[in-house]
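Fold and geometry: a report
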There are 2 protein chains.
Amino acid sequence: MAMIAEHGYHGTGLKGILDTACVPKGSFYNYFKSKEEFVAEVVVRYCLGMKASVDACLEAAGDDPVEGLRRVYELSLRASEIHGFRGCLVGNLAAEIGDADGPCRDAMQRGTGMFREQVVALIEEAQQRHLFREDLSARALADIFWSTWQGALLGMKIGGDPEHLPRVMDALLDRLFRPAKA
Amino acid sequence: MAMIAEHGYHGTGLKGILDTACVPKGSFYNYFKSKEEFVAEVVVRYCLGMKASVDACLEAAGDDPVEGLRRVYELSLRASEIHGFRGCLVGNLAAEIGDADGPCRDAMQRGTGMFREQVVALIEEAQQRHLFREDLSARALADIFWSTWQGALLGMKIGGDPEHLPRVMDALLDRLFRPAKA
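In this report, the structure presented in the accompanying data block is examined. Along each chain, residue indices are assigned from 1 in the same order as the chain's sequence is written. Chains and ligands are labelled sequentially in the order written, the chains with letters from A and the ligands with numbers from 1. The predicted origin of the model limits local features to residues at a pLDDT of at least 70 and limits the giving and counting of side-chain atom pairs to 80 or more, whereas totals for whole chains, interfaces and linings rest on all residues. Excluded from the side-chain calculations are hydrogens and water; all other atoms, namely the structure's heavy atoms, are used.

**Some details on unusual backbone geometry**
The cut-off we apply is this: Numbered from the N terminus, helices here are DSSP runs of H or I no shorter than four residues, and strands are runs of E no shorter than two. Each residue gets one of three labels from its accessible area relative to the maximum for its type: buried under 20%, exposed over 50%, partly exposed in between, using a 1.4 Å probe on protein chains only.
Notably, Cys22 of chain A is not glycine yet its phi reads approximately 55°, a positive angle. Among the secondary structure elements, Cys22 of chain A is positioned in the loop between helix H2 (14-21) and helix H3 (25-31). Exposure remark for Cys22 of chain A: the relative accessible area of 68% places this residue in the exposed category. Phi is positive for His130 of chain B, close to 60°, though the residue is something other than glycine. Topologically, His130 of chain B is positioned in the loop between helix H7 (103-128) and helix H8 (138-159). The exposure class assigned to His130 of chain B is exposed, which follows from its relative accessible area of 54%.

**Side note on the packing of aromatic side chains**
To keep it simple, the criterion reads: Stacked, edge-to-face and tilted are the three classes for Phe, Tyr and Trp ring pairs, Trp counted by its six-membered ring, which pair at centre distances within 6.5 Å; planes under 30 degrees apart are stacked, over 60 edge-to-face, the rest tilted.
For the structure on display, the rule yields 14 aromatic pairs over all chains. Taken together, a centroid distance of 6.1 Å and an interplanar angle of 50° make the contact between Phe145 of chain A and Trp149 of chain A tilted. Here the residue Phe145 of chain A and the residue Trp149 of chain A both occupy positions in helix H8 (residues 138-159), the gap between them amounting to four residues, near one helical turn. Taken individually, Phe145 of chain A and Trp149 of chain A each receive the classification buried, so the pair is uniform in this respect. Each ring, one from Phe32 of chain B and one from Phe38 of chain B, has its centre 5.1 Å from the other, and the planes form 80°; the classification is edge-to-face. Judged by relative accessible area, Phe38 of chain B falls into the buried class, the value being 18%.

**Considerations on the environment of Asp99 of chain B**
Residues and elements named next belong to chain B. Here Asp99 shows up in the loop between helix H6 (89-97) and H7. On the basis of relative accessibility, which here comes to 32%, the residue Asp99 falls in the partly exposed class. With 75 residues separating them along the chain, Asp99 and Asp174 place their C-alpha atoms 33 Å apart.

**Points about the relation of the copies chain A and chain B**
The line we're drawing: All copies are superposed by least squares; the fitting set is the C-alpha atoms of residues with a pLDDT of at least 70 in both. Contact criterion: two residues are considered in contact whenever any of their non-hydrogen atoms come within 4.5 Å of each other.
Note on the identical chains: chain A maps onto chain B by a rotation of 180° and an axial translation of 0.0 Å, with an RMSD of 0.0 Å. Such a combination of rotation and displacement between the chain copies is what one expects of a two-fold axis. Mapped onto chain B, 100% of the interface residues of chain A are again interface residues, and the two copies thus contact each other with one and the same surface.

**As for the packing of helix H9 (residues 164-176) of chain A against H8 of chain B**
Worth spelling out the cut-off: Orientation is described by axes fitted as lines to C-alpha atoms, over the contacting stretch for helices, and by angles from 0 to 180 degrees between their N-to-C directions. For classification, angles of less than 35 degrees are called roughly parallel, those exceeding 145 degrees roughly antiparallel, those between 65 and 115 degrees roughly perpendicular, and all remaining angles oblique. Following the grouping adopted for this structure description, the nonpolar residues are Ala, Val, Leu, Ile, Met, Phe, Trp, Tyr, Cys and Pro, the charged ones are Asp, Glu, Lys and Arg, and the polar ones are all others, Gly among them.
Two numbers describe how H9 of chain A lies on H8 of chain B: the axes approach to 10 Å, and their chain directions differ by 100°. With respect to H8 of chain B, the axis of H9 of chain A lies roughly perpendicular. Here His164, Val168, Ala171, Leu172 and Leu176 of chain A of H9 of chain A come into contact with H8 of chain B, specifically with Leu141, Asp143, Ile144 and Ser147 of chain B. In the contact of H9 of chain A with H8 of chain B, the residues fall into six nonpolar, two polar and one charged.

**Re the interface of chain A and chain B**
Selection rule: Summed over both partners, the accessible surface that disappears when two parts come together, traced with a 1.4 Å probe, is what is meant by buried area. By definition, a salt bridge exists where a carboxyl oxygen of Asp or Glu is found within 4 Å of a side-chain nitrogen of Lys or Arg. The definition of a polar contact used here is a pair of N or O atoms within 3.5 Å, where within protein one atom must be able to donate a hydrogen and the other to accept one, and adjacent residues in sequence count solely through side-chain atom pairs.
The interface of chain A with chain B comprises 44 residues on the first partner and 44 residues on the second. Between chain A and chain B, a total of about 3,400 Å² is buried, with carbon and sulfur atoms accounting for 64% of that surface. On inspection of chain A and its partner chain B, the count reaches two salt bridges. Ionic pairing is found between Arg175 of chain B and Asp135 of chain A, a salt bridge with its closest N-O pair at 3.5 Å. Put simply, chain A and chain B have 13 residue pairs in polar contact (both at pLDDT 80 or more) between them. Here the side of chain A that touches chain B gets 14 residues from one element, more than from any other, and that element is H8 of chain A. For the side of chain A that touches chain B, a count of residues per class yields 18 nonpolar, 16 polar and 10 charged.

In structure tokens, the structure reads:
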């Protein structure tokens, strides 16, 4: 996962992965048909870890759905402190191979779908409490949340400014998503 | 440019580029020190082309700044009709190598900076005409515009739904960016 996050799909050779994991090539092919199937499994694991992290954020945020969403995007900041900043594994792979049919794309679709459901639930709750605007559906706002987050991660990578992501995301959560009269 | 857009930085070998262009290796090194310097030049060319396309959008939109912004994001849709969908060359490279110091990153910074200035000018005009909200600076809205656009391109790649990008971007331009009382 670390190698693919750092070097991408094409930049990570199967040989390098096997050497790092001390696994002979024959064993690999007992479990995976191809590098692509292996990377799809990496995506699934990444998304399950993400789901667990989001659940932990929600628990930490108590019953404040907006605070929950803030902690979700802040996961990227914490991850970058620990691992150095590489962005989102799924976003990076989407940019590189997202349009190629196959098991990786299927895994990305399922993974982002799972994440979307978590975000939709939070936004629905914020709307029910009149904390967020209701002229757009929770699904529409969730798509904007994911898109803006992923794009801001790219902007943070290019610009190297760690304040970029919180600035963009807080403008979204504290201004654009708020109801007209709040 | 087409090869890098399709296969990414690591997925495009120098040999493949030289073979396609029918250029001997020695000639290449007369002009570029490395593959990285060459790709940086590709980024510069891409961004200059983008700038010209945006200028053409603005001319076509007459004096309506919101229509201008709509035509700007629609550039991605037109590009995908012509070339098949590969997303934004700069966004894709940002995901893959955006955090690596060097000439490519410098070129991406300059290119996105140039684009940002064009978008800021349009948003300022929309704010002056009270078409857009004024509780956030034009720069803040421009960063959200770029981020959401780039993220929506990734979402469109994974999901394969050509309506995804216009849905997300029109919600931004026609709802979230509008003033509270409009």
